[in-house]
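In case you want the letters, here they are:
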Amino acid sequence: MTDSGILHVIIPVLIVTCAVFVARFKDLIYAALALAGLSLLLALEFYLLQAPDVAIAEAAIGAAITIAIFVLAIRSTRRT
Amino acid sequence: MMSKIVRTMCNILVPLIFVFGLYVIMHGHITPGGGFQGGAVFASGVAFIIVAFGSANVQKRLKEHHLSVLESGGGLIFIGLAFGGLATIFFFNFLVGSPIFGHIPPSGANPGDLWTGGVIPLMNIGVGLKVLAGLSAIVLVMALVSSGIEVEE
């Protein structure tokens, strides 16, 4: 809250890194897990910006339920 | 059905997730969170059960139409409480100051009294029921359809 200036630089860089990994991974399961990491880092950034309400919603919806639905959908496709 | 490690961790973690979700719903009017956030946390626990134990095992205990009844009940609680204040105005907080969900909250910085808020905690419970049933039904139907089991309308 007082000394989080450096975190406001590190966390967006990590979010962009996760987004690049999501786009670059060939295996879709790895891409979905990188998306989960992106959502968790985004929730941490929301918490640092003093929006804990949005952070709880982002961590629950973005990191848990969306990834569960993605993994269930990927599981029913066929690898080539 | 996943490995034994995943199932054991699911058995340990899921009660804690459920209790935390219900805590977020119950304390929605004094701490961050509320009906939507608590319901989403609860539904993530249900999604963990479905991923760990498989949708065919979960479907024996948890039917979609039970979740549908719960969702409609949450919506009816919310809209019923909204119409309950209709003697004054729509969405009027008619319970604050009465013996149920007691006193008017003090203004300014205070440690937070759980027994305040009038109709707001009950509306949070209604929204929480609706969101947890809706998101659980979404994940359950997605899991059933993706594993090739027929779902009735």
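Preceding this section is the structure that the text describes.
For clarity, every value in this text was computed on a predicted model and none was experimentally measured.

**Some remarks on the overall build of chain B**
Within chain B, the regular secondary structure consists of 5 helices and 0 strands. For the C-alpha atoms alone, the extent of chain B along its principal axes is close to 50 × 35 × 20 Å. Counting only residues that meet the buried cut, chain B has 36% of its 153 residues in that class. A separation of at least 24 residues holds for 68% of the contacts in chain B among residues at least 6 apart in sequence. Approximately 8500 Å² of chain B is accessible, and the part contributed by carbon and sulfur atoms is 72%. In chain B, 6 side chains carry a positive charge and 6 a negative one; their mean positions are 16 Å apart.

**Structural notes on the pattern of salt bridges**
Residue and element names in this part refer to chain B. Per the counting criterion, the structure on display carries 1 salt bridge over all chains. Two residues, Lys130 and Glu71, come together in a salt bridge whose shortest N-O distance is 3.6 Å. A residue pair is termed long-range when its members are at least 10 positions apart, and Lys130 in helix H5 (residues 120-146) and Glu71 in helix H4 (residues 64-84) qualify at 59 residues. For Glu71, a relative accessible area of 27% translates into the label partly exposed.

**Details of the packing of aromatic side chains**
Going through the model one piece at a time under the given rule, you end up with 7 aromatic pairs over all chains. A centroid spacing of 5.5 Å and a plane angle of 15° characterise the contact between A:Phe21 and A:Phe25, whose relative ring orientation is stacked. Given the relative accessible area of 34%, A:Phe25 is considered partly exposed. The interplanar angle of 10° and the centroid separation of 4.3 Å between the aromatic rings of B:Phe18 and B:Phe42 together place this pair among those described as stacked. In this pair, B:Phe18 is assigned in helix H1 (residues 4-26) and B:Phe42 in helix H2 (residues 35-53), connecting sequence segments 24 residues apart. With relative accessibility at 15%, the residue B:Phe42 sits in the buried group. Taken together, the ring pairs connect B:Phe78, B:Phe83, B:Phe90 and B:Phe91 into an aromatic cluster.

Basis of the calculations
Residues numbered from 1 in each chain as written. Chains lettered and ligands numbered in written order. Predicted model: local features only at pLDDT ≥ 70, side-chain atom pairs only at ≥ 80, totals over all residues. Heavy atoms only, no water. Helix = DSSP H or I, 4+ residues; strand = E, 2+ residues; numbered from the N terminus. Buried < 20%, exposed > 50% of the residue type's maximum accessible area, 1.4 Å probe, protein only. Contact = heavy atoms within 4.5 Å. Areas by Shrake-Rupley, 256 points an atom, 1.4 Å probe, with all protein chains shown as cover. Lys, Arg positive; Asp, Glu negative; His and termini not counted. Charge placed at Lys NZ, Arg CZ, Asp CG, Glu CD. Salt bridge = Lys/Arg side-chain N within 4 Å of Asp/Glu carboxyl O. Phe/Tyr/Trp six-rings, centres within 6.5 Å; stacked < 30°, edge-to-face > 60°.

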